[in-house]
Amino acid sequence: MNKIKNFVVFNTMIKHGQMNAAEAFYPGIEEANERIKLMREHKEGIAKEVGFTNNNIFMTLQANKNHPYIPGTSYQITREDVDKYEDLYDYDVWADTVKLTPETEEVVVGFNVSDGANVIMMNQNTQEVVSTFCSGAHINKGVPYTIAEALGGNREDMIVDISPFSYTIPFDTTGDTKEPLWISNKFAWEDCLKKKGDFLYIDQKRALLRQLEASGIKYENIHVRENSLFDSNYYSSQRARLQKDNTQDGRFMHAVMYELEGEEKEYTSSYIKKYPVKK
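Definitions and cut-offs
Residues numbered from 1 in each chain as written. Predicted model: local features only at pLDDT ≥ 70, side-chain atom pairs only at ≥ 80, totals over all residues. Heavy atoms only, no water. Helix = DSSP H or I, 4+ residues; strand = E, 2+ residues; numbered from the N terminus. Buried < 20%, exposed > 50% of the residue type's maximum accessible area, 1.4 Å probe, protein only. Contact = heavy atoms within 4.5 Å. Areas by Shrake-Rupley, 256 points an atom, 1.4 Å probe, with all protein chains shown as cover. Axes fitted to C-alpha atoms, helices over the stretch in contact; angles between N-to-C directions. Left-handed = near helix turned anticlockwise from the far one by under 90°. Core = buried A, V, L, I, M, F, W, Y, C linked by side-chain atoms within 4.5 Å. Arc of directions from axis to C-beta. Pairing = 2+ DSSP bridges. Polar contact = N/O pair within 3.5 Å; in protein donor to acceptor, adjacent residues only side chain to side chain.

Engineer: Would you explain the overall build of the protein in this entry?
Structural biologist: When helices and strands are tallied, the protein shows six helices and 14 strands. The buried share of the protein, reckoned over its 279 residues, is 52%. Contacts in the protein between residues far apart in sequence, at least 24 positions, make up 71% of those at least 6 positions apart. Roughly 13,200 Å² of accessible area belongs to the protein as shown, and the carbon and sulfur atoms make up 48% of that amount.

This is the structure we're talking about:
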């Protein structure tokens, strides 16, 4: 095992291409294998830029009616997993949080997002890290409260990097539904719902940060990336819907890897950020 020097957290942008192979994101390309091929080419591009092996990206899957789980469920990637799968992207695990430890130092963990936030939380002392998707529905279920516990260790040693996401979701209330169905926990959304004209504005950023701080994370240790809703460098399903422009819809990646001693790389792009571990 090599000595770990830094966590490297990065996100992709529209210029890097789609990080999801869904048909809706590839107009005119009906063949699934062709879309997957393009997605893998996009992943290979960011892998070369940041400096990791494309096949070492691991992401959990979201729960559905066939794969339910308790909110806050965490899965730790293991050496056995790495040895078993030639491409970790092919490994299906249903969980909110994925944990990475120095035992699998070559692995990259993260999530593909648009308007929902992905939270990467790092323990600078234990050198462990977790990645957790925190959409509005996850915030509603209190998932952000669970992340620090899943990471483990002293809260003083924890730092957070939050992906670009839509700080505030504008929800059109002119239809039969006056608020999203995933808003049911009024405590989670206290002071985060404001009606203005035909829209209900849902403050995801406030609700998310409040839960992270309540779990013991210092506000000054939380780094929040751009507001994707108003930044044309990022895909945004919400912006695509509001502007009736499907070309703006898609998914970009937010992920973390270890930088090892002797393999240091200098980055000039603002979307790639280093966080040092404690010696």
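Text resumes after the structure shown.
Engineer: Help me out: how do you make sense of the packing of helix H4 (residues 143-151) against helix H5 (residues 204-214) in this one?
Structural biologist: Helices that pack against each other are described as a pair by the angle of their axes relative to one another and the distance between those axes. Contact geometry of H4 with H5 gives a least axis separation of 7 Å together with a crossing angle of 35°. Where H4 crosses over H5, the two elements pack in a sense that is right-handed. Contact residues: Val-143, Pro-144, Tyr-145 and Ile-147 in H4; Leu-208, Gln-211, Leu-212 and Ala-214 in H5.

Engineer: It is not clear to me how the nonpolar core should be interpreted in this structure. Could you clarify?
Structural biologist: What tends to happen in soluble globular proteins is that the nonpolar side chains get buried as a cluster. Core analysis: the biggest nonpolar cluster contains 28 residues, and Val-119, Met-121, Val-160, Ile-162, Trp-189, Leu-208 and Leu-212 have the highest contact counts within it. Those elements that place two or more of their residues in this core are strand S6 (117-123), strand S7 (129-134), H4, strand S8 (158-162), strand S11 (199-203) and H5. For Val-119, the residues in contact, after removing those within four places along its chain, are Val-130, Ser-131, Thr-132, Cys-134, Ile-147, Val-160, Asp-161, Ile-162, Leu-208 and Leu-212.

Engineer: Is there a simple way to explain H4 in this structure?
Structural biologist: It helps to recall that an α-helix has 3.6 residues per turn; residues three or four apart then point in one direction. Those residues of H4 that sit buried are Val-143, Pro-144, Ile-147, Ala-148, Ala-150 and Leu-151. For H4, the angular spread of buried residues about the axis comes to 160°, placing them on one side. Following H4 by one or two positions, Gly-152 has its phi on the positive side, about 85°.

Engineer: Would you take a moment to explain the sheet that holds strand S9 (residues 168-172) for this structure?
Structural biologist: By definition, the strands of a sheet pair up through backbone hydrogen bonds, in either a parallel or an antiparallel sense. With antiparallel pairing, three strands are arranged side by side in an open sheet as S9-S11-S10. Strands with a single pairing partner mark the edges of an open sheet, and in this sheet they are S9 and strand S10 (193-196). Each neighbouring strand pair of the sheet contributes to a mean axis angle of 25°, computed without reference to strand direction. Two elements, S9 and S11, share five bridges in a ladder whose sense is antiparallel.

Engineer: Honestly, the environment of Thr-78 in this entry has me stumped. Any pointers?
Structural biologist: Relative to the helices and strands, Thr-78 is located in the loop between strand S3 (74-76) and helix H2 (79-84). You can call Thr-78 partly exposed: its relative accessible area is 28%. Sequence spacing of Thr-78 and Val-93 is 15 residues, and the spatial spacing of their C-alpha atoms is 12 Å.

Engineer: It is not clear to me how the side chain of Asn-11 should be interpreted in this structure. Could you clarify?
Structural biologist: Within the element layout of this structure, Asn-11 appears in strand S1 (residues 4-11). Among the polar contacts listed, one links the side chain of Asn-11 to the side chain of Tyr-234, at a separation of 3.2 Å. Apart from the residues within four sequence positions on either side, Asn-11 is in contact with Pro-164, Arg-225, Tyr-234, Met-253, His-254 and Tyr-271.

Engineer: Sorry if this is basic, but what is going on with the pairing of S6 here?
Structural biologist: Along S6, seven of the seven residues are buried, which leaves the element largely enclosed by surrounding structure. Side-chain alternation along S6 places Ala-117, Val-119, Met-121 and Asn-123 on one buried face and Asn-118, Ile-120 and Met-122 on a second face that is also buried. With six bridges connecting them, S6 and S7 associate as antiparallel partners. Along S7, the bridge assignment pairs Asn-118 with Phe-133. Taken together, S6 and the strand that follows it, S7, pair antiparallel across an intervening segment of five residues, in which Gln-127 is found at a positive phi of about 70°. Judged from the five bridges that link them, S6 and S8 form a sheet pairing that is antiparallel. For Ile-120, the partnering residue across the bridge sits in S8 and is Asp-161.

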